[in-house]
Amino acid sequence: TQLLEQSPQFLSIQEGENLTVYCNSSSVFSSLQWYRQEPGEGPVLLVTVVTGGEVKKLKRLTFQFGDARKDSSLHITAAQPGDTGLYLCAQGNRDDKIIFGKGTRLHILP
Amino acid sequence: KAGVTQTPRYLIKTRGQQVTLSCSPISGHRSVSWYQQTPGQGLQFLFEYFSETQRNKGNFPGRFSGRQFSNSRSEMNVSTLELGDSALYLCASSSRLGEAKEQFFGPGTRLTVL
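Residues numbered from 1 in each chain as written. Chains lettered and ligands numbered in written order. Predicted model: local features only at pLDDT ≥ 70, side-chain atom pairs only at ≥ 80, totals over all residues. Heavy atoms only, no water.

1. Thoughts on the overall build of chain B
And step 1. Within chain B, the regular secondary structure consists of zero helices and 11 strands.
And step 2. Reading chain B from its N end, one meets helices and strands in the order β-β-β-β-β-β-β-β-β-β-β.
And step 3. Its C-alpha atoms give chain B a radius of gyration of 14 Å, near enough to 13 Å, the size a compact globule of 114 residues would have.
And step 4. Within chain B, counting contacts between residues at least 6 apart in sequence, those at least 24 apart form 52% of the total. (Helix = DSSP H or I, 4+ residues; strand = E, 2+ residues; numbered from the N terminus. Rg over C-alpha atoms; globule rule 2.2 N^0.38 Å. Contact = heavy atoms within 4.5 Å.)

2. Some details on the interface of chain A and chain B
Accessible area lost when the parts come together is the quantity often used to give the size of an interface.
And step 1. Every contact between the two is made by 20 residues of chain A and, on the other side, 21 residues of chain B.
And step 2. Of the roughly 1,600 Å² buried where chain A meets chain B, counting both sides, 50% is carbon and sulfur surface.
And step 3. Looking at the side of chain A facing chain B, the largest losses of area belong to Asp96, Ile98 and Phe100 of chain A, adding up to 31% of the total buried there.
And step 4. Our enumeration of links across chain A and chain B arrives at one salt bridge.
And step 5. One salt bridge in this structure joins Glu41 of chain A and Arg9 of chain B, with 3.8 Å as the shortest N-O distance.
And step 6. At the junction of chain A and chain B, the tally comes to six residue pairs in polar contact (both at pLDDT 80 or more).
And step 7. Going through the elements one at a time, strand E4 (31-37), strand E5 (44-49), strand E9 (85-92) and strand E10 (98-100) of chain A are the ones with two or more residues in the side of chain A that touches chain B.
And step 8. When residues in the side of chain A that touches chain B are grouped by element, the largest group, four residues, is from E4 of chain A. (Buried area = accessible area lost by both parts, 1.4 Å probe. Salt bridge = Lys/Arg side-chain N within 4 Å of Asp/Glu carboxyl O. Polar contact = N/O pair within 3.5 Å; in protein donor to acceptor, adjacent residues only side chain to side chain.)

3. Quick word on the sheet that holds strand E8 (residues 74-78) of chain B
All names here are of chain B.
And step 1. Here four strands make up an open sheet; going across it, the order is E1-E3-E8-E7 and the pairing antiparallel. Each of the sheet's edge strands pairs with one partner strand only, and the pair in question is strand E1 (5-7) and strand E7 (64-68). Adjacent strand axes in the sheet meet at a mean angle of 20°, parallel and antiparallel pairs treated alike.
And step 2. Bridging between E7 and E8 involves five bridges; their strand directions are antiparallel. Among the inter-strand pairings, Gln68 is bridged to a residue of E8, identified as Ser74. (Pairing = 2+ DSSP bridges. Axes fitted to C-alpha atoms, helices over the stretch in contact; angles between N-to-C directions.)

4. Re the packing of aromatic side chains
And step 1. One pass over the structure, following the stated rule, counts 10 aromatic pairs over all chains.
And step 2. On the numbers, 5.6 Å between centres and 85° between planes, the contact of Tyr35 of chain A with Phe105 of chain B is edge-to-face. In this pair, Tyr35 of chain A sits in strand E4 while Phe105 of chain B sits in strand E10 (residues 100-105), so the two residues belong to two different chains. Side by side, Tyr35 of chain A and Phe105 of chain B carry an identical accessibility label, which is buried. (Phe/Tyr/Trp six-rings, centres within 6.5 Å; stacked < 30°, edge-to-face > 60°. Buried < 20%, exposed > 50% of the residue type's maximum accessible area, 1.4 Å probe, protein only.)

5. Digging into the confidence of the model for chain A
And step 1. Counting all residues, the mean pLDDT for chain A is 92, and 98% of those residues have values of 70 or more.
And step 2. No element of chain A has a lower mean pLDDT than E10 of chain A, at 89, and none a higher one than strand E2 (residues 10-14) of chain A, at 97. (pLDDT = per-residue confidence, 0-100.)

6. A word on the pattern of salt bridges
And step 1. Going through the model one piece at a time under the given rule, you end up with nine salt bridges over all chains.
And step 2. A salt bridge links Asp83 of chain A to Arg60 of chain A; the nearest nitrogen and oxygen atoms lie 2.9 Å apart. One end of the pair, Asp83 of chain A, is in the loop between strand E8 (71-76) and E9; the other, Arg60 of chain A, is in the loop between strand E6 (55-58) and strand E7 (61-65), with 23 residues separating them in the sequence.
And step 3. Arg60 of chain A gets classed as partly exposed once you look at its relative accessible area, which sits at 23%.
And step 4. For Glu75 of chain B, the salt bridge identified is with Arg73 of chain B, shortest N-O distance 3.4 Å.
And step 5. Classification of Glu75 of chain B by relative accessible area gives buried; the value is 17%.
And step 6. A cluster of three or more residues bridged by salt bridges with shared partners is formed by Glu48, Arg55 and Lys101 of chain B.

7. Here we look at unusual backbone geometry
And step 1. Of the consecutive residues Ser7 of chain A and Pro8 of chain A, the connecting peptide bond is found in the cis state with omega at -10°.
And step 2. Position of Pro8 of chain A relative to the elements: it lies in the loop between strand E1 (4-7) and E2.
And step 3. Following Thr7 of chain B, the chain continues to Pro8 of chain B via a peptide bond in cis, the omega torsion being -10°.
And step 4. Within the fold, Pro8 of chain B resides in the loop between E1 and strand E2 (10-13).
And step 5. A positive phi angle, near 50°, is found at Ala78 of chain A, a position not held by glycine.
And step 6. Here Ala78 of chain A is to be found in the loop between E8 and E9.
And step 7. Here the phi dihedral of Ser51 of chain B falls at roughly 50°; this positive angle occurs in a residue that is not glycine.

In structure tokens:
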């Protein structure tokens, strides 16, 4: 059974601080997506990474795909209250199935 | 392009009833997936439809079913509702980024079973 684990489960930090959340798999995956979900809404796709070692930036968010294609991280610089939400990672596999982690619930205190 | 739309947004039912949820994918997307999201279990895959055919299926009982129409719109049905079926039901349509499948979600239908 493939497992996609995210850590930490919960994170509460002050506005302006930096943070990193992690996504780790028990198996190699072909692609990985990061989503942000706000209460009462569906997840919104932030980025897709497909190449081991790949780094992508989206404003203050930096996404990294591990060289071994089994892990990924999301780093937020100078967090703002608008970054609050549930961050989900999802791994894509060769059989086209997508597996989601349970997410990191992030709360930025003003 | 308009995003994925789901109707209704909220639904309250009682145990034993059945429910039908609707999803319209992004124009041009032929794949629609359904997920159940609960606080304890996270996002769990129900099934995927592509060109009116079920392509993948998760580990849910037969009370959960779906279908897709020729215009790619999809419906899912839950029969004999149980309290544990209370959840946010999400629909996603897919496109390709190279070999990677990217999913775009609708706002969800919040189902409460009393």
